[in-house]
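Working through the structure, step by step
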Amino acid sequence: IQRIGSPIINYTVTAYVTRAGKAQLMSAEDTAALLRADVKHGTYTGRITSLKFSERMAGDWFEATIVLAKEVDA
């Protein structure tokens, strides 16, 4: 997979995940998997262009900051 240029629309998502969720997000970033974010005001789909995690928090949770590039509709 080749990433060229900047996408027109990006979504920034803050999520709280367990260690297993962290591994899943890292895998999705590596494989450029399509992700879906469901929120109160809609559903957004995209691929990870940036992924950052906080230090481990209480209860073995992590804060993830995810930037998704909007998936182009076919």
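Below: a short report on this structure. Quick caveat, the model's predicted, so the values are computed rather than measured.

1. Considering the pattern of salt bridges
According to the stated counting rule, one finds four salt bridges in the structure shown. Here Asp-38 makes a salt bridge to Arg-36, at a shortest N to O gap of 3.1 Å. Under the relative-accessibility criterion, Asp-38 is labelled partly exposed at 47%. On the basis of relative accessible area, Arg-36 is assigned to the exposed category, the value being 60%. Among the ionic pairs, Glu-71 bridges to Arg-47, the shortest N-O distance being 3.1 Å.

2. With respect to the packing of aromatic side chains
The final tally for this structure, using the stated rule, is one aromatic pair. Look at Tyr-11 and Tyr-44: their rings are 4.7 Å apart centre to centre, the planes differ by 50°, and that puts the pair in the tilted class. Of this pair, Tyr-11 sits in strand 1 (residues 10-18) while Tyr-44 sits in strand 3 (residues 42-53), placing them 33 residues apart in sequence. The ring of Phe-53 has Lys-22 lying over it, and the distance from NZ or CZ to the ring centre is 5.2 Å. Between the NZ or CZ atom of Lys-22 and the centre of the ring of Phe-62, over which it lies, the distance is 4.3 Å.

What counts and what doesn't
- Residues numbered from 1 in each chain as written.
- Predicted model: local features only at pLDDT ≥ 70, side-chain atom pairs only at ≥ 80, totals over all residues.
- Heavy atoms only, no water.
- Salt bridge = Lys/Arg side-chain N within 4 Å of Asp/Glu carboxyl O.
- Buried < 20%, exposed > 50% of the residue type's maximum accessible area, 1.4 Å probe, protein only.
- Phe/Tyr/Trp six-rings, centres within 6.5 Å; stacked < 30°, edge-to-face > 60°.
- Helix = DSSP H or I, 4+ residues; strand = E, 2+ residues; numbered from the N terminus.
- Lys NZ or Arg CZ within 6 Å of the ring centre and 35° of its normal.

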